[in-house]
Amino acid sequence: MIKKITLPLIGLMLCSIPFVANNIGNAAEVLPKDPSPFSKFPKVATFTKEKCMACHTRNYDLPVYAMIPGIKGIIEKDYKDGLRALNINDEFEVAARGKPISEPTLAKMEWVIENNTMPPAKFAAVHWGSRVSADDRANVLEWVRISRARYYNTHTASKEHANEPLQPLPEFILVNDKKVAFGQKLFNDKRLSGDDTVSCASCHALDKAGTGNARFSEGVRKQLGDINAPTVFNSTFNVRQFWNGRAANLEEQAGGPPFNPVEMDSKDWNQIIGKLATDDAFMADFKEIYPGELSGDKIANALAEYEKTLITPNSRFDKWLRGDKAALNRGEVEGYMRFKAYRCASCHVGKSVGGQSFEYMDLKKNYFADRGNPLASDEGLKAFTKKDDDLHKFKVPTLRNIELTAPYLHDGTVTTLDETIRLMGIYLSGVEVLPGDRKLITDFLRTLTGEYQGKKVEGIAVER
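Below or above, wherever it landed, is the structure these notes cover. Computed from a predicted model, the values in this text were never measured in an experiment. (Residues numbered from 1 in each chain as written. Predicted model: local features only at pLDDT ≥ 70, side-chain atom pairs only at ≥ 80, totals over all residues. Heavy atoms only, no water.)

What follows deals with the overall build of the chain. A count of helices and strands for the chain gives 18 helices and four strands. In the chain, which comprises 464 residues, the proportion classed as buried is 51%. Of all intrachain contacts in the chain linking residues separated by at least 6 positions in sequence, the fraction that spans at least 24 positions is 72%. Summed over its atoms, the accessible surface of the chain is roughly 21700 Å², and 54% of this surface lies on carbon and sulfur atoms. (Helix = DSSP H or I, 4+ residues; strand = E, 2+ residues; numbered from the N terminus. Buried < 20%, exposed > 50% of the residue type's maximum accessible area, 1.4 Å probe, protein only. Contact = heavy atoms within 4.5 Å. Areas by Shrake-Rupley, 256 points an atom, 1.4 Å probe, with all protein chains shown as cover.)

Now for the environment of tryptophan 320. Looking at the element boundaries, tryptophan 320 is found in helix α13 (residues 316–321). In this structure, the C-alpha to C-alpha distance between tryptophan 320 and threonine 447, residues 127 residues apart in sequence, is 9.7 Å. Sequence-distant contacts of tryptophan 320, that is, excluding residues within four places in its chain, are made with His161, Lys325, Ala327, Leu328, Val333, Tyr336 and Met337.

On to helix α14 (residues 330–341), then. The first and last C-alpha atoms of α14 sit 16 Å apart over twelve residues, in line with the 16 Å expected at 1.5 Å per residue. Regarding α14, the residues found buried are Glu332, Gly335, Tyr336 and Phe339. For α14, the angular spread of buried residues about the axis comes to 100 degrees, placing them on one side. Next to the buried residues of α14 lie α13 and α18 (435–445). Arginine 343 sits one or two residues past α14 and shows a positive phi near 75 degrees. (Expected span 1.5 Å × (residues − 1). Arc of directions from axis to C-beta.)

Before going further, it helps to examine the pattern of salt bridges. Side chains bearing opposite charge may pair, as long as their charged atoms lie close to each other. Under the definition given, this model contains 26 salt bridges. With a shortest N-O distance of 3.0 Å, arginine 446 and glutamate 403 are connected by a salt bridge. Of the two residues, arginine 446 sits in the loop between α18 and β3 (451–452) while glutamate 403 sits in the loop between β2 (393–395) and α17 (417–429), which places them 43 residues apart along the sequence. In this structure arginine 446 comes out as buried when scored by relative accessible area, which is 7%. (Salt bridge = Lys/Arg side-chain N within 4 Å of Asp/Glu carboxyl O.)

Coordinates in, geometry out; function isn't part of it.
This is the structure:
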């Protein structure tokens, strides 16, 4: 029996902007620019305003009864918890920039509606008008379906699975082949480090599923960092780069490690360029691709172009999503159902099964106090934004090839999938994930191992 999991209802702000096709391959169809799919927007917008915003926006006004002794503290905690689960203000800011609402928001809304967990019983008992009607539910679920199809569907899933929160990975991305080949050389070039001992591949080995399979990576002079190196595979699909989101895209990310004193410790681009410029073969390759002088921006551009190709489609789960019923056995399908039931697919969404949002590691319980031994990297998103509200918030990692990328979490403290699932249940969902369910979910996660360049991703599978 799976316990009901309570998640504060999230608000939505739709934006009926035209669909723009991206550079992902295998897009069988492109939805038209006709705004008619958003005909339900007024109803969903009204629903959000009337039944969600009170608990999920900053600068809220406490109700009059909050002044009753002993009540104020309880209500303030409920508001704080609701805001941490999802901040509608952030969604409004996204919509104001002309972008669709995020996949995690769609998935969270779908989950609470389907599981009838919002509003909480204690809230509904006092606020009769907060109850969600059958029409509300139908309108919201239809909006989720349409939004997903318009903005996030890779259009390779079968009709049966087209509205799943997880989607198949595309089989290719359009790139500049010459830049890719040049970027691959740079990715493996130790001259990007100050003492010529460390390359990008040192911490992101492709034969280790794009990781180093170590808690912390070893940089120049055998120095260790304090955060687990995420896989480089499928990183092109991340909403931002690094655990704390300090890079907006792959090009920004490529310009980080070379100048980190622990990782590669180069002084500046001029130091790197000075070494590369003496290599006649390297410079000949460069001049075939880029006009003008060698620069840091061009090095980062080539690295990013190469990293875009590091995608791993055709996992068994992808094949199942595309309609191959034999790709998964009964237990693995059941594991996916449990994965959704325990709310895992509210954050681990989309084609990369993660990487689309930043979530609190201590949403339901204080993970950091329980773990002890504080790390500088525990700040999470706050280290980038400098906002106190972002403390302990981390980018949700991709679960693609997860059986090959141990150890897990930003601090690299967990070495098995079973224990990772158990901890996520406690600290993010607020429930105990039962041992039998953990096994089923683990079996499902192992179906996410894909292919790179037509061959199964290389790496060491974590123990069962």
